[in-house]
Amino acid sequence: METKVHVLHLLAVTVVTLVSVRWSASDVDTAVTLRLSQPANLRHNAQSACFEDFCRCHNKTADCSKNYGRLTYVPKLPANIRNLDFSYNNLTKISRDDFFENATRIHILNLSNNGLKYINQGAFRDLIHLSTLNLGRNSLTYMAISPVFFAKRLCNLFLAYLDLGPIPETWFFEKPMPPLMTLDLSGNRLQHLNLTMLSSRKTLQKLVFKDCRISSVTSAYFPQLGLLDLRSNALFDLPVSCRNGASLFPLLRTIYFIQNNIYGFHGEICFPKLEHLDLSKNPITVLKTDMFNSHRFPSLKRLQLQSVVSLTKLEQFAFRGPTLKVLSLMYCGISFHMSVVHPDVFAGIPNLEFLQISHNLGSCISEDNFCKRLFGSLKNLKTLYIGSFDLFSISKNMFANLTSLTRLSLSGNKISEIPDGIFDFMENLTDLDLNHNQIQVIRETTFSEATRQQLRSLDLSANTLVCDCDILWFQSWFVSSPSLFDKSYQNYTCSNMDNMALKSFTMNEQVCVFSTQTNKILIACVVLFLFLLLLLSVVFQYRWHIRLMLAFRGHGEIMRRRLMEEHFTYDVFLSCAEEDEDWVLRHLLPHLEGRQGLRACFHKRDFLPGKNILDNIVDSVKSSKKFVLVFSKHFALSRWCQFELDLCLGHVLDNDDALVVILLDDASSRDLTSTMKAVLGTMTYIQWQECPDVRAWFWRRLELSLAEIMP
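Just so you know, these numbers come straight off a predicted model, no measurement behind them. (Residues numbered from 1 in each chain as written. Predicted model: local features only at pLDDT ≥ 70, side-chain atom pairs only at ≥ 80, totals over all residues. Heavy atoms only, no water.)

So, on to the packing of helix H14 (residues 639-654) against helix H15 (residues 674-682). Two packed helices can be described by the angle between their axes and the distance between those axes. The N-to-C vectors of H14 and H15 enclose an angle of 45 degrees; their axes lie 11 Å apart at closest approach. One finds that H14 runs oblique with respect to H15. Seen from above, H14 lies across H15 with left-handed handedness. Contacts between H14 and H15 involve Gln-642, Leu-645, Asp-646 and Leu-649 from the first element and Thr-675, Met-676 and Val-679 from the second. (Axes fitted to C-alpha atoms, helices over the stretch in contact; angles between N-to-C directions. Helix = DSSP H or I, 4+ residues; strand = E, 2+ residues; numbered from the N terminus. Parallel < 35°, antiparallel > 145°, perpendicular 65-115°, else oblique. Left-handed = near helix turned anticlockwise from the far one by under 90°. Contact = heavy atoms within 4.5 Å.)

Structural data, given as structure tokens:
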């Protein structure tokens, strides 16, 4: 019988040890206490009352917790009970040495949260099978705890949050001790941790000192220690691990240093078997080259650097080593710009299988750096979490080198489109997560038939899907494959329809076929019509520019024959606005008729009285050899001037002639009509200026433009 009990005891301890080693950083400190608190979690399972309404039993567990003073002793329980939860019972003292006489077969005992202050010296002598004890959150002193060491097979002792001070120097030396494997002193006021006080316990495999205000550690030799938890303290470096070139922790496999004050490593590091290192929430600023290389950590498989928001630089080969398989840099807010993250930061870790870099900033990574440098060497990577990475787009070549991926998460980005065939080369991909992006359309060509067959989990939920004819194929796949989309089946909605779930969306397929063809034709017609409309508007707006550029060829043969063959009443037809007549009478007419001896037609003087104005203008234009137009902002506002301009332009274009244009003032382009702009843009004009020194040039240029009709 004794042999069987011993075997059961070792089996229970082994299970607890394996579970706690495999769990993540946030769960390690509760790996064993979970077994202690399990009865409380079973309230909703199939339980039965095993002692009035005070205790509930399920399998080998008795839950006698939360009676708050109504249960003052351990009742007689079924013979198969091995785990007892006696927490929250206001048990302030254990005054009798036979207090546990009804539970001598238990292996796991939870006495936490009782306000316990006193334990009788012989209370634990009869608990010969007890392997795990939780005394957390009571009011015990080191001396008051001593009676528990009479439990000869006690392996796991939890003394968290007892408000204990530093460990007494002789506490583990004064009395015979059980073969302790796990000791948890979390939440106490240890301040300085002197491990030499525990070094006599050669059987210790797990030491947990979470949230103990520890600022320094004195190391000691621990031949069996496999886990050291020092999270939430004030340490500036890892504990000294070397003595005369040999390791003080030869079997240490897991270190939790979360939320301390570590900036980097100093001195020699001797952790030959260390596989899991968690340095999350430390103020590390630079991950230097070979900071975690195989010389320092020859067996490192799992490295966690989560929420290290102080990081400003990640150098090349920072993690170089052949053993690293899991790396997490999530919640660091790192900008993956080349000035911050070297493109070869992940080079040198050929066996990496799991990479978590979600909740960083990756929009500045170029496609070339992404696929060739940053992830190019990770040939064996199987899982990549790159969610909430500020990605706006993904290209077909981004994951070209990651052919071993089985799981890819791109959730929480701003991706609006999935390129066709981007996942088709990933022959091992089974889990794909693209939820909470901005994807509107999922084309039938996005996933090949082979990719659809190999996927086991696909999450495209919480995207801005547009429900129309183009999404019917995806809806059919979605409805027919509930297990594929099972994790997020309820979060597929139509962004263009209120309260419309994707699975409920309906549309006639024949209508969609007709609608698609019609839409294509309609779109083509609309585009052609808009193009022609745009072309016509441009032609109309620049009609005079075009006509003048195509038709005006200077003084041609037609004009010379006209001057020779026809009879003209006037040499020059003058067109000006009424506001500019004063300038014409004072300057232009005296020069043309006085100095140059030309006959000029000026409407106020030469139009026949009683004759229609239009007829006067038309007859005068036909009877004139040349046309001189005085442009100004007033000219642009006069409808008669614009009529004369159009008439003269038509006459000039028909007879291969040229206008003589005088620009009287500096009229801006907004003051001119489109015809006037066209004339000024295609013909050389003469600018009038009031400066006396420039007037000679003005008259000289005017004479040259009228040279062919000079007498």
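Our next topic: the nonpolar core. Buried together is how nonpolar side chains tend to be arranged in soluble globular proteins. Core analysis: the biggest nonpolar cluster contains 150 residues, and Phe-124, Phe-209, Phe-292, Phe-319, Phe-346 and Phe-474 have the highest contact counts within it. If you list the elements that add at least two residues to this core, you get strand E2 (55-58), helix H3 (142-145), helix H4 (367-374) and helix H6 (472-480). Every residue in contact with Phe-319, bar those within four places of it in the chain, is listed here: Leu-287, Phe-292, Leu-303, Leu-305, Leu-324, Leu-327, Leu-329, Val-345, Phe-346 and Ile-349. Formed by 25 residues, the second largest nonpolar core is a distinct cluster that contains Phe-573, Leu-649, Leu-663 and Val-679. (Core = buried A, V, L, I, M, F, W, Y, C linked by side-chain atoms within 4.5 Å. Buried < 20%, exposed > 50% of the residue type's maximum accessible area, 1.4 Å probe, protein only.)

Relative to the helices and strands, Ser-377 is located in the loop between H4 and strand E24 (383-385). For Ser-377 and Asn-401, which are 24 residues apart along the polypeptide, the C-alpha to C-alpha distance reads 7.9 Å. Residues within four places of Ser-377 in sequence aside, it is in contact with Phe-346 and Ala-347.

Attention now goes to the pattern of salt bridges. Scanning the model with the defined rule gives 22 salt bridges in all. Note that Glu-353 and Lys-382 form a salt bridge whose closest N and O atoms lie 4.0 Å from each other. Here the residue Glu-353 occupies a position in the loop between strand E22 (326-328) and strand E23 (354-356), and Lys-382 occupies one in the loop between H4 and E24, the gap between them amounting to 29 residues. You can call Lys-382 partly exposed: its relative accessible area is 35%. In this structure, the salt-bridge partner of Asp-390 is Lys-414, at a minimum N-O distance of 3.4 Å. Of this pair, Asp-390 sits in the loop between E24 and strand E25 (407-409) while Lys-414 sits in the loop between E25 and strand E26 (431-433), placing them 24 residues apart in sequence. (Salt bridge = Lys/Arg side-chain N within 4 Å of Asp/Glu carboxyl O.)

This paragraph deals with the state of the cysteines. Scanning the model with the defined rule gives 4 disulfides in all. Put simply, Cys-242 and Cys-270 are joined by a disulfide, and their sulfur atoms are 1.8 Å apart. Around the S-S axis, the bridge from Cys-242 to Cys-270 shows a dihedral of about 105 degrees and counts as right-handed. Of the two residues, Cys-242 is situated in strand E15 (residues 242-243) and Cys-270 in the loop between strand E17 (254-256) and strand E18 (276-278); the sequence distance between them amounts to 28 residues. Note on Cys-242: relative accessible area 16%, which makes it buried. Residue Cys-467 pairs covalently with Cys-494 via a disulfide, S to S 1.9 Å. Since a negative S-S torsion denotes a left-handed disulfide, the Cys-467-Cys-494 link at about -80 degrees is left-handed. Of this pair, Cys-467 sits in the loop between strand E27 (457-459) and H6 while Cys-494 sits in the loop between H6 and helix H7 (509-541), placing them 27 residues apart in sequence. Neither Cys-467 nor Cys-494 differs from the other in exposure class; each is buried. Here Cys-576 stays free of any disulfide, with the sulfur of Cys-641 as its closest cysteine sulfur at 6.6 Å. (Disulfide = S-S within 2.5 Å.)

By themselves these figures say nothing about function.
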